[in-house]
Structures are given as structure tokens and as C-alpha cells.
Amino acid sequence: MTMQYTPRARVMQALDHREPDRVPIDFGSTYMTSITLPPYLALEKALGLQPQPPEFHTPLSKVVLPREEILRRFRVDTRGVPRPNAPATWRNQVQEDGTIRDEFGVIWKQPSGCDHYEFFHGPFEGHPTLSDLQTFPWPDDPDNPRRVAGARDRARHLYEDTEYAVIAAIPGGFVTWSQFMRGFEGWFIDLAADPKFAMALMDRVLDFLLALADTLLEEVGPYVQIVTFGDDLAIQDGLMMSMRMFRELIKPRLRRVFDFIRSKCDARIWFHTDGAVAPLIPDLIDLGVDILNPIQVTAKGMDDTRYLKREFGDDLVFWGGIDTQRLLPFGSPEEVRADVRRRIRDLATGGGYVLSSVHNVQGDVSPENVVAMFDEAYACGTYPFPAEPG
């Protein structure tokens, strides 16, 4: 008879590259593995639940914190603690044109007919100088306890009163926020033409993020098993930069992040980076990343999940893998179920896999496909797996 694990033990067994009773499931524990507002409301209705005012991981992007009834319905093994936010002394500033300015001076615009906001432009677009970095009114209170209000109580409750794996998220990352502040085109030009400014901007952002992480981990460090950090380093068909630029400009700063996390707690390090990141995987292993998310299978070099497991599965846990770009929005429920079976077969043998969607479920995904994803994960994820035919 197969031993029954608690959700936390199930996740930790998988993270130790050992097979628990079944493949762990994640939904909504992070702001990168959840669901946006329109499909969430449709899912709530399809499950026969009375509507409730939703809570959000990220209010501007309308990424929802799914309610507990939904997490239990899908047998989710993980729970998250609140992300650090701007303190109560700051309110996003609504501009005359309806855009919103955040505490970093980044402007966000709401697309017509949408609930969420998208990046519009940043404070360092144009031709900024190092002196502009010095005089910019940076947020000066990452240690403000209001930024992490409720995090300790939530983490302690989850650790002491529930059996779920507890996850804390460090807002990130220094690449992404530098791109927002500089503008994407300017940031890429700086990498080649003005690396001194690019490094100074990334360092200034990173200083703030690590100070904020310090505030968070002082509160929740004793209670969490996983700490997440994310930064996008690739696009659909390749890296955003050369390997030389990555190793000279980005990798030392990632090392600083991961070393800091390890200095503050014993949690596993979960790194989110989208796109065609296969060339980076050996470097991420070298940096001590424990868990790689999201395994964007539609990106170049990422669909052969059996190869990824064979090459890197001894050193990395894979978390994600269920496509939100083509499969979930355009596939049938049976196609979703078939792909879930494939990814589990490819990635979960020997442990080392937690199933979730590739990034957040978007508005073009039907409730039926969300249900198919999680129900099939539960139905076919029991260890030991049957032998493959032939």
C-alpha cells in the first residue's frame, strides 16, 4: 500500500528528488503560478461557488489569490504568504490621462476593455546619466514593517496549523525592474553601449529588492520551505543577451540574490525565468538554484521535457510545464489531459517535479481546461507510474 504524504511532505519529497505518493500540485501560491481575474471569475462560476470579492497577488496586473475552496477542490499542495507591497504611506498616483505612476516612477496604462494595467514607460527613458540615478527619488523605506504586514502571522499559521508547503516570494527582479525604469529599448542599448550605467541601475534596484527581501525573510524565514525570485532572461526563441553578457553582467548579481537568500533561511531557492532558457540551465545550477520555473514548453529548446529531465533532473527540480500559450487556451480538455500525462511522464519519474501552469492562466482559458489540467494531474500522478508500452 502506498504511503500517504501530507502536502508539505509530498512537496519536500519531490524537492529531494524522491518519489512521494503522487506528483505535487501548485496553483496560486505565487504571483507567477496563479490566474488572472476574468478566467478566475469564470472558474468560480463553473465550480458552482458563490462569488466573493477576489484578493490579488498584484493589483495592477489583476493576478488573483484563489480562494481556499478552489485550492482544496484541485488538491493543491502549496500555499503562499503575502508579497511585500508599498507601505500604507504610498498610494499609486493616478495621472490626468488615467495612467498610474508607481513608487518607482514607472507609468502603467490600462488597455481598452481590460481589467489589468500594462507597462507604459519609465522614468529613465531618453538619455539618463549616472547623476540622474543619484538624484532620483528612490523609495527609501524597504525596511518599513508595513510592507510585510501580515506576512509573519500568515506564514506561522500555515506552518503550524496546516500541512501545506509554505512559499514566500521576493518581488523581482533587478533585470525586469531595470527594464521598466529605463525602457526596454534603452536597457538593451545600455548593455552594449553603456554597461556602466546598466550595472549602476541594476545595482540600485537590487539594493532595494534585497533590503525588502531582508525585511520579509526576517518575518517569515523560520516558517517557509521555498523562497521564490524571478527575472526574465530570455524570449520565445533565444536569450535576451549573449552568454558573455549574461555571465559578466547578470550572473554575478543573481549570485548575490541567491547567496543572500541562503544567508537568511534554509528554504529551497525557486527561480522563475521565462522563455528559451535551456542554454542558461548549467549556469543556474552553478548558482545553486534548486527549482526552475516555469518550463515554457512553447519556447525554443524547452518542449523536449524528457531531454531536460535526463540532462538536468539530477540537479534541478522542474516546476510548471503545462502550456498557457497554446494548449490551455486553444486545446480541448482531452488534449490538456494528454499533455498533463506527457509532462508527468517526462518530468516526474524519480521525483523532482511539481505540476503547475506555465505562468498565470489568462483570459482565453476556459474553466473546463483548468479543471482538466488539475484533475488529470491528480488522476495520473500517483506513484509508481505504470511501465510505458513498447
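Per chain, the residues get numbers from 1 upward, laid out in the order the sequence is written. Reporting in this predicted model follows two pLDDT cut-offs: at least 70 for local features of residues, and 80 or more for side-chain atom pairs to be given and counted; totals over whole chains, interfaces and linings ignore these cut-offs and use all residues. Excluding hydrogens and water, the side-chain values take into account all heavy atoms of the structure.

Student: Give me the pattern of salt bridges: which residues, what numbers.
Tutor: Once the charged atoms of two side chains with opposite charge are near each other, the side chains can pair. Salt bridges, as used here, are contacts in which a Lys or Arg side-chain nitrogen is within 4 Å of a carboxyl oxygen on Asp or Glu. All told, the structure shown has 33 salt bridges when counted by the stated rule. Measuring nitrogen to oxygen at the nearest pair gives 3.0 Å for the salt bridge that ties Asp 286 to Lys 251. Taken together, the positions of Asp 286 in helix α10 (residues 281-286) and Lys 251 in helix α9 (residues 243-264) put the pair 35 residues apart, joining distant regions of the chain. Looking at Lys 251, the relative accessible area reads 13%, which means it is buried. Ionic contacts of the salt-bridge type, sharing partners, join the residues Asp 303, Arg 306, Asp 339, Arg 342, Arg 343 and Asp 346 into one network. Helical segments are the DSSP runs of H or I of at least four residues, strand segments are the runs of E of at least two, and each set is numbered from the N terminus. Buried, partly exposed and exposed residues are distinguished by accessible area as a fraction of the type maximum, computed with a 1.4 Å probe on protein chains only: under 20%, between the cut-offs, and over 50%, respectively.

Student: Summarise the packing of aromatic side chains; cite the residues concerned and give the values.
Tutor: Put simply, two rings from Phe, Tyr or Trp (the six-membered ring, in Trp's case) pair if the centres are within 6.5 Å, and we call them stacked under 30 degrees between planes, edge-to-face over 60, tilted for the rest. One pass over the structure, following the stated rule, counts 23 aromatic pairs. Aromatic pair Phe 124 and Phe 197: ring centres 6.5 Å apart, planes at 80°, arrangement edge-to-face. Of the two residues, Phe 124 sits in the loop between β8 (118-121) and α4 (130-135) while Phe 197 sits in helix α8 (residues 195-220), which places them 73 residues apart along the sequence. We classify Phe 124 as buried; its relative accessible area is 3%. Overall, Phe 197 belongs to the buried group, its relative accessible area being 3%. Here the aromatic rings of Phe 258 and Phe 271 are separated by 5.5 Å at their centres, their planes lie at 80°, and the arrangement is edge-to-face. Separated by 13 residues along the polypeptide, Phe 258 in helix α9 and Phe 271 in strand β13 (residues 268-272) bring together distant segments of the chain.

Student: Break down the environment of Arg 73 for me, with residues and values.
Tutor: Tracing the backbone shows Arg 73 in helix α3 (residues 68-73). Its relative accessible area of 32% is what places Arg 73 among the partly exposed residues. Separated by 252 residues in sequence, Arg 73 and Gln 325 have C-alpha atoms that sit 24 Å apart. What makes two residues a contact is simply this: any of their non-hydrogen atoms within 4.5 Å. Discounting chain neighbours no more than four positions away, the residues touching Arg 73 are Leu 47, Val 371 and Asp 375. Side-chain polar atoms of Arg 73 contact the side chain of Asp 375, separated by 2.8 Å. We define a polar contact as two N or O atoms separated by no more than 3.5 Å, with the added condition that, inside protein, one atom must be a possible hydrogen donor and the other a possible acceptor, whereas residues neighbouring each other in sequence contribute only through side-chain atom pairs.

Student: Please set out the pairing of strand β2 (residues 55-58) residue by residue, giving values where relevant.
Tutor: Alignment of β2 against strand β3 (residues 63-65), held across three bridges, turns out to be antiparallel. From the neighbouring strand, Glu 55 faces β3, where its bridge partner is Leu 65. Taking the residues between adjacent antiparallel strands as the criterion, β2 and β3 are bridged by four residues, where Lys 62 takes a positive phi near 55°. At least two DSSP bridges between two strands are needed for those strands to be called paired.

Student: Provide a residue-level description of the sheet that holds β8, including the pertinent values.
Tutor: With antiparallel pairing, the four strands of this open sheet are ordered in space as β5-β6-β7-β8. In the strand order of this sheet, the two ends are held by β5 (93-94) and β8, each with one partner. Two strands pair when backbone bridges link them, and strand β7 (residues 107-109) and β8 are joined in this way by three bridges, in the antiparallel orientation. When the bridges of β8 are listed, Lys 109 appears paired with Glu 118.

Student: Explain helix α5 (residues 151-161) residue by residue, including any values.
Tutor: Along α5, the residues that are buried comprise Ala 151, Ala 155 and Leu 158. Considered in projection along α5, the buried side chains sweep an arc of 65° and stay on one side of the axis. With respect to the buried face of α5, the exposed residues turned more than 90 degrees away are Glu 160 and Asp 161. Contacts made by the buried residues of α5 are with α1 (7-15), β4 (78-80), β9 (165-169) and α8. What the arc measures is the spread of directions leading from the helix axis to the C-beta atoms.

Student: Now, about the packing of helix α13 (residues 333-347) against helix α14 (residues 367-380): what can you tell me, with residues and values included?
Tutor: Axis definition: a line fitted to C-alpha atoms, over the contacting stretch in the case of helices. Angles run 0 to 180 degrees between N-to-C directions. At a minimum axis separation of 8 Å, α13 and α14 run at an interaxial angle of 40°. Crossing of α13 over α14 shows right-handed handedness. Here α13 contributes Pro 333, Val 336, Arg 337, Val 340, Arg 341 and Ile 344 to the contact with α14, which in turn contributes Glu 368, Asn 369, Ala 372, Met 373, Asp 375, Glu 376, Ala 377 and Cys 380. Looking at side-chain class alone, the contact of α13 with α14 contains eight nonpolar, one polar and five charged residues. Should the near helix be turned anticlockwise from the far one by less than a right angle, the crossing is left-handed, and should it be turned clockwise, the crossing is right-handed. Any residue outside Ala, Val, Leu, Ile, Met, Phe, Trp, Tyr, Cys, Pro, Asp, Glu, Lys and Arg is labelled polar, Gly included; the first ten of those are nonpolar and the last four are charged.

That is the geometry; function is a separate question.
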